[in-house]
Amino acid sequence: QDYEREALNFSRQIAQAKVIVGRKKDGSYVPGAITMTLLMQDYYDGEHSFLHMRHRLRRHFMEKCELSVLSSEFEIVEPIFVEISVEAWVQVLHADDSFEIQQDLCRVLEEYLDPLQNNGWDIGRMVKPAQIELRLNMEKGKALLRKLMVTAKYLDENGRHEVELEKLTGNPYVLVVSGTH
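Residues numbered from 1 in each chain as written. Predicted model: local features only at pLDDT ≥ 70, side-chain atom pairs only at ≥ 80, totals over all residues. Heavy atoms only, no water.

Engineer: Talk me through the overall build of the chain; I want residue IDs and the actual numbers.
Structural biologist: If you tally the helices and strands in the chain, you get four helices and seven strands. Secondary structure elements of the chain occur, N-terminal to C-terminal, as α-β-β-α-β-β-α-α-β-β-β. Its C-alpha atoms give the chain principal-axis dimensions of about 65 × 30 × 25 Å. Out of the 181 residues belonging to the chain, those deemed buried represent 41%. A sequence separation of at least 24 residues applies to 70% of the contacts in the chain between residues at least 6 apart. A gap of 3 Å separates the mean positions of the 22 positive and 29 negative side-chain charges of the chain. (Helix = DSSP H or I, 4+ residues; strand = E, 2+ residues; numbered from the N terminus. Buried < 20%, exposed > 50% of the residue type's maximum accessible area, 1.4 Å probe, protein only. Contact = heavy atoms within 4.5 Å. Lys, Arg positive; Asp, Glu negative; His and termini not counted. Charge placed at Lys NZ, Arg CZ, Asp CG, Glu CD.)

Right, here's the structure in full:
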């Protein structure tokens, strides 16, 4: 937690920091390795600011902090951005409001699944379909949720993947972001 706090104090551009000990981003276990995962405030604009920050922060840690790890075993990475896409079948109470309700529900999902707007999505925490269902059901005055389908997509060194949410639970590098609704 000291390293996380140090990273957050290093720059206001860093929205979240999480330290993972003994497990690399590729899933391999390396005793003694320390990996810091950073979410930048402008993550949706690409990795440019992360790449710039990574080198500055790494230099800061190597020069100013007492790391109990070899330089080769300390790395700073971005999270695995997992796009959560939701398909919801709803029954509207008034047919004339269909388009407006669809737009409202999409906005609700985009805000709910945004790690900068919703403090509940920390690095390493995966959403559950029941949480999405609960959030949509909070809009009861507009529509009744009949069916829900949630998909998770992410990109890593091996390409693009689409998986069930349960397969990502427990991965300390995942970060929920809004997909297509």
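Engineer: How would you explain the pattern of salt bridges if you had to name every residue and give the values?
Structural biologist: Here the idea is simple: oppositely charged side chains can pair when their charged atoms come close. The final tally for this structure, using the stated rule, is four salt bridges. For the salt bridge of Glu83 with Arg160, the shortest nitrogen-to-oxygen distance reads 3.4 Å. Remark: Arg160 occurs in strand S6 (residues 159-163) and Glu83 occurs in strand S4 (residues 80-92); sequence separation between them is 77 residues. Here Arg107 makes a salt bridge to Glu111, at a shortest N to O gap of 3.5 Å. Of the two residues, Arg107 and Glu111 both sit in helix H3 (residues 98-112), four residues apart, roughly one turn of that helix. (Salt bridge = Lys/Arg side-chain N within 4 Å of Asp/Glu carboxyl O.)

Engineer: Please provide a residue-by-residue account of the sheet that holds strand S3 (residues 74-77), values included.
Structural biologist: The strands making up a sheet are joined through hydrogen bonds of the backbone, oriented either antiparallel or parallel. Taken in spatial order, the three strands of this open sheet run S1-S2-S3, and their pairing is mixed. Where the open sheet ends on each side, the last strands, each with one partner, are strand S1 (14-23) and S3. Direction aside, the axes of adjacent strands within the sheet are offset by 20° on average. As paired elements, strand S2 (residues 29-40) and S3 share four bridges and run parallel to each other. Bridge pairing links Met36 to Ile76 in S3. Helix H1 (residues 2-10) rests against S1 and S2 of the sheet, and its axis sits at about 150° to S1. Packing of helix H2 (residues 48-64) onto the sheet brings it into contact with S1, S2 and S3, and relative to S3 it is tilted by some 155°. (Pairing = 2+ DSSP bridges. Axes fitted to C-alpha atoms, helices over the stretch in contact; angles between N-to-C directions.)

On their own, these measurements won't tell you what the molecule is for.
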